[in-house]
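# Overview (structure and organization)
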Amino acid sequence: MRAIHISSLEGPDAVELVDVPEPAEDGLVTIAVRAAGVAFPELLQTRGLYQLKPDLPFVPGAEVSGVVESAPEGSGFSVGDRVAALPLLGGFAEKVQARPDLTFHLPDEVTFDEAASFTFNYATVYFALLERGGLAPGETVLVHGASGGIGTAAIQVAKAFGAGRVIGVVSTEAKGEVATAAGADEVVLADGFLGAVGKASVDIVVDPVGGDRFTDSLRSLREGGRLLVIGFTAGSIPEVKVNRLLLTNVSVVGVGWGAFAMTKPGHVGTEWEAMLPHLRSGALRPVVGATHPLEDAATALTSLETRTVTGKIVLLP
């Protein structure tokens, strides 16, 4: 079968389209891949900068959708089932295997492209907002990187689970339109966002970006507010003077969804079930920014690095 290999750690341009044997491990669900989500961890893996460092060469791809080709007895899956799955590796290929507890029946209302854009981002922000951030009904949520895959998911999850107001922070007016379409009540530009939002005006900040806006994010929090640290797509890891936390009793909360959920069988399934009614209703509707054929994986990964993409990027084997 065709698959993408990371065979050297020289960046996205070095990934290769290769022929590899089909996966055939016992106890796993075998899936014919219809779509594979592309995320920031895969970009980091091309340079060996992600915490998961498989031996070279390897097939990246943590998230897919597709059709079941075989499944273990008692797994709850049958040949022909439409599914979304988290194989964690191997998804950038024509076929992949996933654990039954990380494979989920796909509602008819959801396309394969949307399904490959859902679990990774939406479970991350569900974990961030509901499990780590304690989102309460009526609270105001500010979302950095609001036009990206995590950002658009955060807007929708916040709204679906009771936020009173969601503010999207974006770098351009065009990206603001994406955030608005995803459901943001208000959109502001990243340059000078604190002046537009106001000090002590929000309850939760969702930050997958990091960089030099971190201190102003703290300033934007009301007493008891929470800044949720998801990632550092800006490239630099900010530092905080902890006296700022004392002054207004705010919290900086780490959000390590993968490290938490992958060691607790069934946890992702619990998150999936909590979100499923909203997925069926359309309240949670992944924003697919671009699709690429499998052989254009380098282009897809590079668009993440240059921050030219909105929504989620998807590969189509």
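Residues numbered from 1 in each chain as written. Predicted model: local features only at pLDDT ≥ 70, side-chain atom pairs only at ≥ 80, totals over all residues. Heavy atoms only, no water.

## A word on the layout of surface pockets
Of the voids in this model, the second largest pocket is the one considered here, and its volume is about 170 Å³. Within the residue set of the lining of the second largest pocket, elements represented by two or more residues are helix 7 (214–219) and helix 8 (243–248). No other element matches helix 8, which puts 3 residues into the lining of the second largest pocket. Split into classes, the residues belonging to the lining of the second largest pocket amount to 5 nonpolar, 1 polar and 3 charged. (1 Å grid on protein atoms, 1.4 Å probe; cavity = no way out; pocket = protein on both sides within 12 Å on 5 of 7 lines; lining within 4 Å. Points joined across faces, edges and corners; volume = space filled by probe spheres on them. Helix = DSSP H or I, 4+ residues; strand = E, 2+ residues; numbered from the N terminus. Nonpolar A, V, L, I, M, F, W, Y, C, P; charged D, E, K, R; others polar.)

## Some details on empty space enclosed by the protein
The full count for this structure, using the stated rule, is 1 cavity of 30 Å³ or more. Put simply, the largest cavity is a space of about 30 Å³. If you trace the largest cavity, you find it lined by Ser117, Asn121, Tyr122, Gly149, Thr152, Ala153, Pro286, Val287 and Lys312. Where the lining of the largest cavity is concerned, the elements lending two or more residues are helix 3 (119–132) and helix 4 (149–160). The class makeup of the residues in the lining of the largest cavity is 4 nonpolar, 4 polar and 1 charged.

## Notes on helix 4
The end-to-end C-alpha distance of helix 4, which contains 12 residues, comes to 17 Å, matching closely the 16 Å that a straight helix rising 1.5 Å per residue would cover. Along helix 4, 10 of the 12 residues are buried, which leaves the element largely enclosed by surrounding structure. Within helix 4, the full set of buried residues consists of Gly149, Ile150, Gly151, Thr152, Ala153, Ala154, Ile155, Gln156, Val157 and Ala158. In the stretch just after helix 4, Gly162 is the one whose phi turns positive, near 105 degrees. (Expected span 1.5 Å × (residues − 1). Buried < 20%, exposed > 50% of the residue type's maximum accessible area, 1.4 Å probe, protein only.)

## Thoughts on the pairing of strand 14 (residues 288–293)
Across 5 bridges, strand 14 lies against strand 15 (residues 312–316) in parallel orientation. Bridge pairing in strand 15 places Pro293 opposite Leu316. Traced from strand 14 through helix 11 (residues 297–305) to strand 15, the parallel crossover comes out right-handed. (Pairing = 2+ DSSP bridges. Right-handed = clockwise from strand over helix to strand, strands pointing away.)

## Topic: a nonpolar patch on the surface
A cluster of nonpolar side chains, namely Val240, Val242 and Val252, defines an oily patch on the protein surface of about 210 Å² accessible area. On the secondary structure map, Val252 appears in strand 13 (residues 251–254). (Patch = residues over 30% accessible without salt bridge, like charges linked within 9 Å, V, L, I, M, F, W, Y side chains within 5 Å. Areas by Shrake-Rupley, 256 points an atom, 1.4 Å probe, with all protein chains shown as cover. Salt bridge = Lys/Arg side-chain N within 4 Å of Asp/Glu carboxyl O.)

## What to know about unusual backbone geometry
Of note, the bond from Leu56 into Pro57 is cis; its omega dihedral lies within 30 degrees of zero at -10 degrees. With respect to the secondary-structure elements, Pro57 resides in the loop between helix 1 (40–45) and strand 4 (63–70). Of note, Leu88 is a non-glycine position whose phi angle comes to about 75 degrees, a positive value. For Leu88, a relative accessible area of 30% translates into the label partly exposed. The backbone of Ala200 sits at a positive phi, close to 50 degrees, despite the residue not being glycine. Take Ala200: it is sitting in the loop between helix 6 (193–197) and strand 11 (202–207). Judged by its relative accessible area of 46%, Ala200 is partly exposed.

## Describing helix 11
For an α-helix, 3.6 residues make a turn, and residues three or four places apart therefore share a direction. Every buried residue of helix 11 is accounted for by Ala297, Ala298, Ala300, Leu301, Ser303 and Leu304. Phi for Arg307, located one or two positions after helix 11, is positive at around 55 degrees.

## Let's talk about the packing of helix 4 against helix 5 (residues 173–182)
Direction vectors running N to C along helix 4 and helix 5 enclose 30 degrees, while the axes themselves pass 9 Å from each other. Here helix 4 is positioned roughly parallel relative to helix 5, judged by the angle of their axes. Between helix 4 and helix 5 the crossing geometry is right-handed. Contacts between helix 4 and helix 5 involve Thr152, Ile155 and Gln156 from the former and Val178, Ala179 and Ala182 from the latter. (Axes fitted to C-alpha atoms, helices over the stretch in contact; angles between N-to-C directions. Parallel < 35°, antiparallel > 145°, perpendicular 65-115°, else oblique. Left-handed = near helix turned anticlockwise from the far one by under 90°. Contact = heavy atoms within 4.5 Å.)

## A word on the packing of helix 3 against helix 4
For the pair helix 3 and helix 4, interaxial distance at closest approach is 9 Å and the crossing angle is 55 degrees. Put simply, helix 3 runs oblique to helix 4. The two elements helix 3 and helix 4 cross, and the hand of that crossing is right-handed. Of helix 4, the residues touching helix 3 (which contributes Asn121, Tyr122, Thr124, Val125, Tyr126, Leu129 and Leu130) are Gly149, Ile150, Thr152, Ala153, Ala154, Gln156, Val157 and Ala158.

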